[in-house]
Each structure stands twice: as C-alpha cells, then as structure tokens.
Amino acid sequence: LKKKSGGVLGNFQSRFCVLDNNTLAYFKTESSPSPQGVIVLATARLDTTSSKLKFALVCPGRTYDFTAATEADRAEWVAKLGPAIEAAASAPGAASAHAAADAVFASIDVNSDGTITDDELLVACLERGVGDTDVSELFKALGLKEDGMISLDAWRAGFANFVALTETETEAEA
C-alpha cells in the first residue's frame, strides 16, 4: 500500500502494512524494526468513497489515506479492514475514553519507551501538517512541562489540545 504523508499536499509513499491485534501498523519498509505509526481500529471508520484504488481510515483527529496498486489489492484490504474494525469496536474496552489518546501516543512514541520526547512530538506534528511550530510553544499549548518528555498520563490530559491544535494548523494550510 501507499500511505499519504501528513498535510494537505502530502505525497503517497510506499508503506509495508500489518493488520494485527485490532491495529493497522505501517512501516517504512518490510524490514523496518518499528512502525512509523499504528492505527487503533476501534476508533477508526473505513471510507471507501474516494476512488477505485483509494480508501481512508478516519480516526478522531486524523484521517489516514491509502492507495493500492490495483483494484484487487484495494478490495482485499477493504475486505479485511471492514470486519477487523467491527471486531475491534466491539472488543471489551474499545469504548475507553482514552482509546484515541492512547492510539496516537503509541504512534508518536516510535521507540516504545513509554514517553514522547520533544523530537518525537515535532516529527508527529510535521506529519500532521503542523508547520514549523516551536516545540516549547507546543508543549505550552498542550499544558505540559518543558522537560522534553511526555508521559502517557500527561498526554491523556493534553490530548484534546493536541487534536485542536493540529486540526487548526491543518485548516490554516488549506
């Protein structure tokens, strides 16, 4: 599959995708040690209306656009994702108030150490179309300390501000 990079004018880039355990993880290559992002399917909605080769996973705060090489590839992914999203949404704990925040946290915490560094946050913001925002200002907008680290609990508390900020920046670019 190819996944559209962040921002309104993002390019489609080849990604190796793995559908597993109620998530869709996407890697730069098949041999990449860790995913570039993880989409929690419990919070996703499948949108197949765009074209014969494209589909999107619409999540709180972000839409992930994909394109397949062939109509058959697209049909195969759509056929797998539909039931996977239904199963994930009905799984125990899927309706957790923190599910969306936790999913985004996991996708930003690329080294899976349980914290988000200022560098990881900056990369995530750039991927989501937030321009050259100064990370210290972003930390302030999120209501977080400027120690360069964000714990999961602090992320949960500031997540609504992150979504609002990234949506505002994306709308400003359009």
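As the structure is a computational prediction, the values presented were derived from the model and not from experiment.

## Digging into the pattern of salt bridges
By the definition in use, this model includes 1 salt bridge. Residues lysine 80 and glutamate 76 are paired through a salt bridge, measuring 3.2 Å at the closest nitrogen-oxygen approach. Pair noted here: lysine 80 and glutamate 76 are both in helix 1 (residues 71-90), with a separation of 4 residues, about one helical turn. Judged by its relative accessible area of 43%, glutamate 76 falls in the partly exposed class.

## Quick notes on unusual backbone geometry
Residues other than glycine seldom take positive phi values, yet serine 112 does so here, at roughly 55 degrees. Secondary-structure assignment places serine 112 in the loop between helix 2 (99-108) and strand 9 (115-117). You can call serine 112 exposed: its relative accessible area is 61%.

## Overview of the sheet that holds strand 6 (residues 45-47)
Strand-to-strand pairing in sheets goes through backbone hydrogen bonds, with the strands running parallel or antiparallel. Sheet architecture is open: 5 strands sit in the order 2-1-8-7-6, paired in antiparallel fashion. If you trace the sheet from one side to the other, it starts and ends with strand 2 (12-14) and strand 6, each paired once. Strand-to-strand, the axes of this sheet are offset by a mean angle of 30 degrees, without reference to chain direction. Note: strand 1 (residues 2-4) against strand 2, 3 bridges, orientation antiparallel. Across the sheet, the residue bridging to lysine 2 is serine 14, located in strand 2. Packed onto the sheet, helix 1 meets strand 6 and strand 7 (54-59) and runs at close to 20 degrees relative to strand 7.

## Notes on the nonpolar core
Among the nonpolar cores identified, the biggest contains 17 residues, and Leu24, Ile39, Leu41, Leu57, Tyr64, Phe66 and Leu81 are the most heavily contacted of them. Among the elements of the structure, strand 4 (23-27), strand 7, strand 8 (62-67) and helix 1 are those that each provide at least two residues to this core. The greatest single-element share of this core, amounting to 6 residues, is contributed by helix 1. In this structure leucine 81 touches Leu19, Leu24, Leu41, Leu46, Phe55 and Leu57, once residues within four positions along its chain are discounted.

## Some remarks on the environment of lysine 54
Along the polypeptide, lysine 54 turns up in strand 7. Here lysine 54 falls in the partly exposed class, since its relative accessible area comes to 33%. Note: C-alpha distance between lysine 54 and alanine 69 (15 residues apart in sequence) is 9.3 Å. Excluding residues that lie within four positions of it along the chain, lysine 54 makes contacts with Phe12, Phe66, Thr67 and Arg74.

## Comments concerning the pairing of strand 7
Pairing geometry for strand 6 and strand 7, over 3 bridges, is antiparallel. Note that in strand 7 the partner of arginine 45 across the bridge is valine 58. Between the antiparallel neighbours strand 6 and strand 7 lie 6 residues. For strand 7 and strand 8, the ladder comprises 6 bridges, and the chain directions are antiparallel. Of the residues in strand 8, the one forming a bridge with leucine 57 is tyrosine 64. Hairpin connection from strand 7 to strand 8: 2 residues lie between these consecutive antiparallel strands, with glycine 61 at a positive phi of about 85 degrees.

Scoring rules and cut-offs
Residues numbered from 1 in each chain as written. Predicted model: local features only at pLDDT ≥ 70, side-chain atom pairs only at ≥ 80, totals over all residues. Heavy atoms only, no water. Salt bridge = Lys/Arg side-chain N within 4 Å of Asp/Glu carboxyl O. Helix = DSSP H or I, 4+ residues; strand = E, 2+ residues; numbered from the N terminus. Buried < 20%, exposed > 50% of the residue type's maximum accessible area, 1.4 Å probe, protein only. Pairing = 2+ DSSP bridges. Axes fitted to C-alpha atoms, helices over the stretch in contact; angles between N-to-C directions. Contact = heavy atoms within 4.5 Å. Core = buried A, V, L, I, M, F, W, Y, C linked by side-chain atoms within 4.5 Å.

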